[in-house]
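As a plain string of letters, each chain reads:
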Amino acid sequence: MQTLAKLTDDQLVQSYAKGNPEAFDVLLQRHQSKLLNYITQHCNNAQLAEDIFQETFVKAIVTIQSGNYTDNGKFANWLFRIARNLVIDHFRRESVEGTYSTDDKDFDVLNRKELSGSTIEDELVDLQIKEDVRRLIKALPFVQMQVLVMRYYRNLSFKEIAELTGVSINTALGRMRYAILNLRRMAQESNIVLTH
């Protein structure tokens, strides 16, 4: 189990898909606290949050076991998206059935940006930002690009990065720092806004 804890999320998913149930236990331990907090925050009901939490992991299990999970380095994002959709579905169902009232609430649970679908404009802006970031990352010196990709896209720890690149942890941290500073500088020089 200890060696499994060192694997990335997607390596754990692959291990689980090949029949190792302990790999999924590690994924569950790794994400349960943040995911449960996220769900609770959005539905203000501990029992409902627990139900949605369990349903999220059931959906994840079914998707992985059926071979439909796409390995893209973003398991946590995928998990949170499942949870978000389940929260939305729950409140939509209750709204349609008339079993949920927002009369006694200070806000409308269903009328929240984070629970609404994105607009085509949001998607186009996100796509443009991703293209700009990819272009900027490719312009970085190789050692900075390497550390940044390993950290943000492969979810590796700085210790793992140091071991894989044959440098000290401090050197890996320094390269990351310079990569971020260079990205900011290049974004400013190109008038690129990296968030919206």
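Procedures and definitions
Along each chain, residue indices are assigned from 1 in the same order as the chain's sequence is written. Totals for whole chains, interfaces and linings use every residue, but because this is a predicted model, local features are given only for residues with pLDDT of at least 70 and side-chain atom pairs only at 80 or more, for both listing and counting. In computing side-chain properties, one takes all heavy atoms of the structure into account and sets aside hydrogens as well as water. What is meant by a nonpolar core is a set of buried Ala, Val, Leu, Ile, Met, Phe, Trp, Tyr and Cys residues, joined one to another through side-chain atoms within 4.5 Å. Relative accessibility decides the category of a residue: with a 1.4 Å probe and only protein chains considered, values under 20% of the type maximum give buried, values over 50% give exposed, and everything between is partly exposed. Here a residue-residue contact requires only that any non-hydrogen atoms of the pair lie within 4.5 Å. Under the scheme used here, helices are H or I runs from DSSP no shorter than 4 residues and strands are E runs no shorter than 2 residues, and both carry numbers assigned from the N terminus. Any helix carries an expected span of 1.5 Å times its number of residues minus one. Throughout, the arc means the angular range of directions from the helix axis out to the C-beta atoms. In this analysis an axis means a line fitted to C-alpha atoms, helices contributing only their contacting stretch, and an angle means the value between N-to-C directions, from 0 to 180 degrees. For classification purposes, an angle smaller than 35 degrees is called roughly parallel, one larger than 145 roughly antiparallel, one from 65 to 115 roughly perpendicular, and anything else oblique. Stacked, tilted and edge-to-face are the three classes assigned to paired rings of Phe, Tyr and Trp, where Trp is represented by its six-membered ring and a pair needs centres within 6.5 Å; plane angles under 30 degrees give stacked, over 60 edge-to-face, the rest tilted. A ring has a charge above it when a Lys NZ or an Arg CZ is no more than 6 Å from the ring centre and no more than 35 degrees off the ring normal.

Enquirer: So, the nonpolar core: which residues are in play, and what are the values?
Expert: Phe 24, Leu 35, Ile 39, Ile 64, Phe 75 and Trp 78 are the most contacted members of the largest nonpolar core, which totals 28 residues. Those residues in contact with Trp 78, other than ones at most four positions away along the chain, are Ala 60, Thr 63, Ile 64 and Tyr 69.

Enquirer: Let's hear about helix H7 (residues 142–153): which residues, and what values?
Expert: With 12 residues, H7 should cover 16 Å at 1.5 Å per step; its first-to-last C-alpha distance of 15 Å lies within 8% of that length. Along H7, the positions that sit buried rather than exposed are Gln 144, Val 147, Leu 148 and Met 150. Angularly, the buried residues of H7 cover 165 degrees about the axis, an arc narrow enough to put them on a single face.

Enquirer: Which residues make up helix H2 (residues 9–17), and what are the values?
Expert: Residues that lie three or four places apart on an α-helix share one face, since the helix turns once every 3.6 residues. Every buried residue of H2 is accounted for by Asp 9, Asp 10, Leu 12, Val 13, Ser 15 and Tyr 16. Immediately beyond the C-terminal end of H2, within one or two residues, lies Gly 19, with a positive phi of roughly 110 degrees.

Enquirer: Outline the packing of helix H8 (residues 158–165) against helix H9 (residues 169–189), listing residues and values.
Expert: Look at H8 against H9: their axes get within 8 Å of each other, and the N-to-C directions meet at 105 degrees. Relative to H9, H8 is oriented roughly perpendicular. Side by side, H8 and H9 meet where Phe 158, Lys 159, Ile 161 and Ala 162 of the first sit next to Ile 169, Ala 172, Leu 173 and Met 176 of the second.

Enquirer: Describe the packing of aromatic side chains, with residues and values.
Expert: Summed over all chains, the structure comprises seven aromatic pairs. With centroids separated by 4.9 Å and ring planes inclined at 45 degrees, the aromatic side chains of Tyr 16 and Phe 24 adopt a geometry described as tilted. For Phe 24, a relative accessible area of 6% puts it in the buried group. Here a set of aromatic residues connected by ring pairs shows up, and it is made of Tyr 16, Phe 24, Phe 53 and Phe 57. Taking NZ or CZ as reference, Arg 177 lies 5.6 Å from the ring centre of Tyr 178, over its face.

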